[in-house]
Amino acid sequence: MFLAFYSVKVGKIVWLDLIPFIWLAAKISIFGAVLALDRTAIFQGMLSRPLIAATFAGALAGNWEIGLLLGASLELYFLGEIPVGSNIPTDDTLLALVAGGTAAALSGLPANALVDDKSLAFMVLLTILPWAGFTRKLDSWVRVRNARLIDDMETRLLAGENASAVNFHLYGMLNFYGAAVGALGLMVVSSLLLVPLLLLLLPAWAWPLTDRLLLVFPAVGIAGLLYNMNQKRQLAVFAGISLLLLVYSL
Amino acid sequence: MKLRLEQQIFLRSLCWQTSWNFARMQCLGLAYAIYPLLEKLYAKNPEHLARRTRRYLVCFNTNPYLAAAILGFLVHMESQGEEMGDQGLALSGSLAGLYGAVGDAFFWNGLKPMVSALAVMIFFLKPSLWALVFLFSAYNFIHLGMRYTVYLHGLHRGIGVIETINSWHLPLLRNIMEFVTTASLAVTAFLLVDFFALRGTAARTIPLFLLLALIGWFSWQRKNRGGGQLRFLEVIPAGSLVVLLCLLFF
């Protein structure tokens, strides 16, 4: 199976073999979903943060550096969303895994066929961000599905199978894992197909700008975090330190 | 190696949210974690064991880290008899609300943003895996330390765990962490300029960047306010960011 896309640097159509990409999507889905369990199901020890998840996916695809770059950009971008009470924030772990894996896979193409790392990272982010709403819905769906486990546990307890009854709690892990595997597979494949298409559609005058547009993500993340703190003192600290750094740099 | 009962219960509490659901939230996690104690106390009467386990399937939701304090408290109460266990359960609802608010504010609004912002700052200072190492080790050193300490205090002191947590002055610590977060964000904003090599770039690039930063910021704000009008104070952080960028560019 092959896919054609337009190479900016080479200036002609390049053919890509899709089989390695499908294999990569499977690898990221299976191993990445284990990392995604850290988000809610077990431990919650920051293994699921975008910085770590994107680097992990990048390493799986053979380029951890671009994964790290994407992780740092997404880390700040989604930091403002917090899981308070029953609020379900965007699943930034899944998005980071897709971003890191896709970008690393495309960056490894021969003969510098695509654009540089920062431009590629920006393109990948454009293709994965529309999935944010989907990840929230998926998370909600898993949590609705988990409610069935209460009935299962109570039924077993009434039947006198106490030890096996409490283990129904762990079945929730399967729900989270299964949903993550499916979503990751779908998103990685779609992103791998969409990025070359995006490269084709982008006007030529925009090429020199794309590497710097990645700046928007950490910048919006910083703005969102400052907004969350919502204290005038924090703004004063931010402005003061910025001013000091500015004076220092002149 | 055979773990002690208290350690078994704590390890099980690391899966606190494995079956989180909208119906009764963390109820299965609570029942799963405390089950080894119930099994030890009521092993001779399986029907009674099932009844006591079902007693713990109440609607329950709190911060997953400070849940360890409530778990320790419940183990302490249940160990003293059924009546005390029921009293503990009755009290745990109030404790869940209290620690939900305190824990979410401290961990999600304080510790996580601070450690993440510092890790991203380390990345933009010099891209390397040290950012990941810092994020993982710093967060877990603090979070696991606190999680295990409050569990032990709940276990040994019962309701006295409230005094322990109160003596830590978590709201004050959170304020301090917010200052550290803000400072690291200011440094990160500064580092972004060098990282993206924005100094001395073409005149067309800079206005585009500023425009995008503003658009991103306003979109973020509108999203947070449900599409409502922006207030002047909320524009200040974006303004300072843009002013900083302007000063650095021109």
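Above this text is the structure in question.
Quick caveat: nothing in here was measured; it's all calculated off a predicted structure.

Colleague: Looking at this model, I keep getting lost on the overall build of chain A. Mind explaining?
Modeller: When its secondary structure is counted, chain A shows 12 helices and two strands. The helix and strand sequence of chain A, counted from the amino end, reads β-β-α-α-α-α-α-α-α-α-α-α-α-α. When burial is assessed residue by residue, chain A has 58% of its 250 residues classed as buried. Taking contacts inside chain A between residues at least 6 apart in sequence as the whole, the part at least 24 apart equals 73%. For chain A, the exposed area adds up to about 9,800 Å²; of that, 67% sits on carbon and sulfur atoms.

Colleague: Could you clarify how one ought to interpret the environment of Ser184(B) in this entry?
Modeller: Residue and element names in this part refer to chain B. Note on placement: Ser184 falls in helix H8 (residues 170–195). The class for Ser184 is buried, based on a relative accessible area of 2%. Ser184 sits 68 residues away from Ser116 along the chain, and the two C-alpha atoms are 9.8 Å apart. In contact with Ser184, not counting residues within four places along its chain, are Ala117, Leu118 and Met121. Within the structure, the side chain of Ser184 is placed 2.8 Å from the backbone oxygen of Thr181, a separation counted as a polar contact.

Colleague: Sorry, what's going on with unusual backbone geometry here?
Modeller: For residues that are not glycine, phi is negative in most cases, and the peptide bond is trans in most cases. Residues and elements named next belong to chain A. Positive phi values are uncommon outside glycine, yet Gln44 reaches one of about 55°. Checked against the element boundaries, Gln44 lands in the loop between helix H1 (19–40) and helix H2 (50–60). Of note, Met46 is a non-glycine position whose phi angle comes to about 70°, a positive value. Looking at the secondary structure, you find Met46 in the loop between H1 and H2.

Colleague: Help me understand the packing of helix H2 (residues 27–42) of chain B against helix H4 (residues 67–78) of chain B in this model?
Modeller: Packed helix pairs are characterised by how far apart their axes lie and by the angle those axes make with each other. Residue and element names in this part refer to chain B. Two elements in contact, H2 and H4, have axes separated by 11 Å at closest approach and are oriented at 20°. Here H2 lies roughly parallel to H4, going by the angle between them. Here the hand of the crossing between H2 and H4 comes out right-handed. Facing Leu30, Ala33, Ile34, Leu37, Leu38, Leu41 and Tyr42 of H2, the residues of H4 in contact are Leu71, Leu74, Val75 and Glu78. Tallied by class, residues from the contact of H2 with H4 come to 10 nonpolar, no polar and one charged.

Colleague: What is the right way to look at empty space enclosed by the protein in this model?
Modeller: Taking a probe equal in size to a water molecule and rolling it over the atoms shows the remaining empty space. All told, the structure shown has five cavities of 30 Å³ or more when counted by the stated rule. Size it by volume and the largest cavity reaches roughly 160 Å³. Taken together, 16 residues form the lining of the largest cavity, with Ala36(A), Asp91(A), Asp139(A), Phe176(A) and Ala180(A) sitting closest to its centre. Elements with a minimum of two residues in the lining of the largest cavity: H1, helix H6 (132–146) and helix H9 (171–201) of chain A. Among the elements that take part in the lining of the largest cavity, H1(A) stands out by supplying five residues, more than any other. Around the second largest cavity sit Leu79(A), Gly80(A), Ile82(A), Leu225(A), Asn228(A), Met229(A), Trp108(B), Asn109(B), Pro113(B), Arg174(B) and Glu178(B), which together line it. Elements with a minimum of two residues in the lining of the second largest cavity: helix H11 (216–229) of chain A together with helix H5 (82–125) and H8 of chain B. Partitioned by chemical class, the residues of the lining of the second largest cavity number six nonpolar, three polar and two charged.

Colleague: Sorry, what's going on with the nonpolar core here?
Modeller: General note: in soluble globular proteins, nonpolar side chains tend to be found buried as a group. Residue and element names in this part refer to chain B. One finds Leu71, Phe107 and Phe124 to be the most contacted residues of the largest nonpolar core, which totals 149 residues. Per-element tally for this core: the top contributor is H5, with 17 residues. Setting aside its immediate chain neighbours within four residues, Phe107 contacts Asn63, Tyr65, Leu66, Lys112, Pro113, Tyr139, His143 and Met146.

Colleague: I tried to follow the packing of aromatic side chains on my own but got confused; where do I start?
Modeller: Aromatic ring pairs are described here by two measures, namely the spacing of the ring centres and the angle between the planes. Applying the stated criterion to the full structure yields 17 aromatic pairs over all chains. Ring centres of Tyr65(B) and Trp108(B) lie 5.3 Å apart, and the angle between their planes is 55°; this geometry places the pair in the tilted category. Note that Tyr65(B) is positioned in the loop between helix H3 (46–55) and H4 and Trp108(B) in helix H5, a separation of 43 residues in sequence. One exposure class covers both Tyr65(B) and Trp108(B), and it is buried. Among the aromatic residues, those joined into a ring-pair cluster are Tyr65(B), Phe106(B), Phe107(B), Trp108(B) and Tyr139(B). Positioned above the aromatic ring of Trp20(B) is the side chain of Arg143(A), whose terminal nitrogen or guanidinium carbon lies 4.9 Å from the ring centre. Above the plane of the ring of Tyr32(B) lies Arg12(B), whose end atom (NZ or CZ) is 4.2 Å from the centre.

Colleague: In this structure, what is going on with the interface of chain B and chain A? I would like to understand it.
Modeller: You'll often see interface size given as the accessible area lost when the parts meet. At the interface, 89 residues of chain B touch 79 residues of chain A. Remark: the boundary between chain B and chain A carries one salt bridge. Taking the shortest distance from any N to any O, the salt bridge between Glu154(A) and Arg24(B) comes out at 3.7 Å. Taken together, the elements giving at least two residues each to the side of chain B that touches chain A come down to H2, H3, H5, helix H6 (130–157), H8, helix H9 (205–224) and helix H10 (232–249) of chain B. Here the side of chain B that touches chain A is built from residues that sort into 56 nonpolar, 22 polar and 11 charged.

Colleague: What am I meant to see in helix H5 (residues 117–128) of chain A here?
Modeller: What sets the pattern is the α-helix's 3.6 residues per turn: residues three or four places apart point alike. All names here are of chain A. Its 12 residues give H5 an end-to-end C-alpha distance of 16 Å, which sits within 8% of 16 Å, the value for a rise of 1.5 Å per residue. With nine of 12 residues buried, H5 lies mostly within the body of the structure. What H5 keeps buried is the set Ser119, Leu120, Ala121, Phe122, Met123, Val124, Leu125, Thr127 and Ile128.

About the cut-offs
Residues numbered from 1 in each chain as written. Chains lettered and ligands numbered in written order. Predicted model: local features only at pLDDT ≥ 70, side-chain atom pairs only at ≥ 80, totals over all residues. Heavy atoms only, no water. Helix = DSSP H or I, 4+ residues; strand = E, 2+ residues; numbered from the N terminus. Buried < 20%, exposed > 50% of the residue type's maximum accessible area, 1.4 Å probe, protein only. Contact = heavy atoms within 4.5 Å. Areas by Shrake-Rupley, 256 points an atom, 1.4 Å probe, with all protein chains shown as cover. Polar contact = N/O pair within 3.5 Å; in protein donor to acceptor, adjacent residues only side chain to side chain. Axes fitted to C-alpha atoms, helices over the stretch in contact; angles between N-to-C directions. Parallel < 35°, antiparallel > 145°, perpendicular 65-115°, else oblique. Left-handed = near helix turned anticlockwise from the far one by under 90°. Nonpolar A, V, L, I, M, F, W, Y, C, P; charged D, E, K, R; others polar. 1 Å grid on protein atoms, 1.4 Å probe; cavity = no way out; pocket = protein on both sides within 12 Å on 5 of 7 lines; lining within 4 Å. Points joined across faces, edges and corners; volume = space filled by probe spheres on them. Core = buried A, V, L, I, M, F, W, Y, C linked by side-chain atoms within 4.5 Å. Phe/Tyr/Trp six-rings, centres within 6.5 Å; stacked < 30°, edge-to-face > 60°. Lys NZ or Arg CZ within 6 Å of the ring centre and 35° of its normal. Salt bridge = Lys/Arg side-chain N within 4 Å of Asp/Glu carboxyl O. Expected span 1.5 Å × (residues − 1).

That's the geometry; what it means functionally is another story.
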